[in-house]
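# Survey of secondary and tertiary structure
The residues making up each chain are set out below.
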Amino acid sequence: MPPRLPISVVDLEPHAAAELARAAGPIRADPYAEGDVFARQVRAAAASLPQGDLTAVVDHFAAQQGSSSLLIRGVPIPASLPRTPAGSFHQQPEARPTGAEPVLALVGARLGEVFAYREWDGAHLVQNRYPVASHHQVQTASGANDLVLHTEACFTAYPPDFLALLGLRPDPTGQAVTLVSDIPQALAQLTPAERGALREPLFVFPTDRGSYDHEGRRTTEPVPLLKDRADGPALEYSTLITAITAPAAAALAALEEALGRCAQSVLLGSGDLLLIDNRQAVHGRTAFRPAYDGTDRWIQRVLLLRQLPSGGRVVPDTRLAHYPTDYIKALALPA
Ligand SMILES: O=C(O)CCC(=O)C(=O)O
Ligand SMILES: [Fe+2]
């Protein structure tokens, strides 16, 4: 297998940035208050985006013809932003559009349909990500410890095909960097026997609300990490997974090491848009020390599906019944 490309990086020329801002102009709906109208406006704007260097590179990425992550720098975002919020965005007076959402969703819409999980982020189609003091130790995007490498929403009924992360305000200390690791590159470093073990239903998440018993501890039902889909092998992964046999544990350790070796870091500066193919890459974020004073790192995210399920843009997080009780409580998720 030829070596995979590292993250592709594109710097938007000023004229391309201006064109993008112009195309996003008609997207006026509030994504937090009128998601359906927002999504309709995004779809219309995406269809009318003039063909150019940006559409060519994004469409190439969407067709899985290049790297598994694409960083676009120089995306036009508002020059002035409010202070980074402090609490859950959907419960804040700050839950007003920043003005960056249309461009984020517009580029995302070249990859698929924007969608949201009903139980997360107020079911908003654009999710705001910044550190929340009470989540400091929690394994979630609003925490401040290492956010371990993961497939977004792995083992849900609707994991996104792509996600797009837009930097609004970088971490002022420079510590918080996003990590992406290329799955095909990592798998190529494993032995056939290790890859074979990943195809067996031998992998679980420890949780007190699990339905399976592994050596006296509750876990989720064992599943394979690697499956064959019509479009090639697909891996779902989180560093929080454990294995229930010794060969599976060895394969999982080899995979974790390979993903770590293949990981690349990206500091999301203002106007940096990172597109991640969730089937071809895992991602995470390094630990940092937020100040919780309005100056902290702030990114916005959209999740994309190439095809929406029949139920529409707001889908259930089908893992919810199995999240650990303390995780549900810490994040005030609907139990
Ligand atoms: O904060 C980051 O860079 C990544 C956050 C993340 O994993 C997510 O929003 O899905
Ligand atoms: Fe994530």
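This text goes with the structure placed above it.
Residues numbered from 1 in each chain as written. Chains lettered and ligands numbered in written order. Predicted model: local features only at pLDDT ≥ 70, side-chain atom pairs only at ≥ 80, totals over all residues. Heavy atoms only, no water.

So, on to the layout of surface pockets. What the second largest pocket holds in volume is close to 210 Å³. Of all the secondary structure elements, the ones that give two or more residues to the lining of the second largest pocket are β1 (8-11), α1 (14-24) and α3 (53-62). With 4 residues, the top contributor of residues to the lining of the second largest pocket is α1. Grouping the constituent residues of the lining of the second largest pocket by class yields 7 nonpolar, 3 polar and 4 charged. (1 Å grid on protein atoms, 1.4 Å probe; cavity = no way out; pocket = protein on both sides within 12 Å on 5 of 7 lines; lining within 4 Å. Points joined across faces, edges and corners; volume = space filled by probe spheres on them. Helix = DSSP H or I, 4+ residues; strand = E, 2+ residues; numbered from the N terminus. Nonpolar A, V, L, I, M, F, W, Y, C, P; charged D, E, K, R; others polar.)

Around ligand 1 sit 13 residues in total, of which E152, T178, H283, R297 and R301 are the nearest. Contact distances for ligand 1 include 3.1 Å between an oxygen atom and a side-chain N or O atom of H283. With respect to ligand 1, the side chain of R297 contributes an N or O atom lying 2.8 Å from an oxygen atom. Protein chains bury 99% of the 300 Å² of accessible surface belonging to ligand 1 in isolation. Residue assignment for the shell around ligand 1 shows that the elements contributing at least two residues are β5 (147-150), β6 (162-169), β16 (281-285) and β17 (298-305). Split by residue class, the shell around ligand 1 holds 5 nonpolar, 3 polar and 5 charged. (Near = heavy atom within 4 Å. Polar contact = N/O pair within 3.5 Å; in protein donor to acceptor, adjacent residues only side chain to side chain. Areas by Shrake-Rupley, 256 points an atom, 1.4 Å probe, with all protein chains shown as cover.)

Below, the discussion takes up the side chain of T156. Relative to the helices and strands, T156 is located in the loop between β5 and β6. If we skip the residues at most four places from it in the chain, T156 touches Y117, D317, T318 and R319. (Contact = heavy atoms within 4.5 Å.)

Glancing now at the coordination of the iron ion (ligand 2). Distances from the iron ion (ligand 2) to its protein donors, namely H150 (NE2), E152 (OE) and H283 (NE2), fall within the range 2.0 to 2.1 Å. Going along the chain, you hit the donors of the iron ion (ligand 2) in the pattern H-x1-E-x130-H. Of this pair, E152 sits in the loop between β5 and β6 while H283 sits in strand β16; the two residues are 131 residues apart in sequence, bridging distant segments of the chain. H283 shares its class with E152; the two are buried. (Donors = N, O, S within 2.8 Å, 3.2 Å for Na, K, Ca; no water. Buried < 20%, exposed > 50% of the residue type's maximum accessible area, 1.4 Å probe, protein only.)

The values reported here are purely geometric and, on their own, carry no functional implication.
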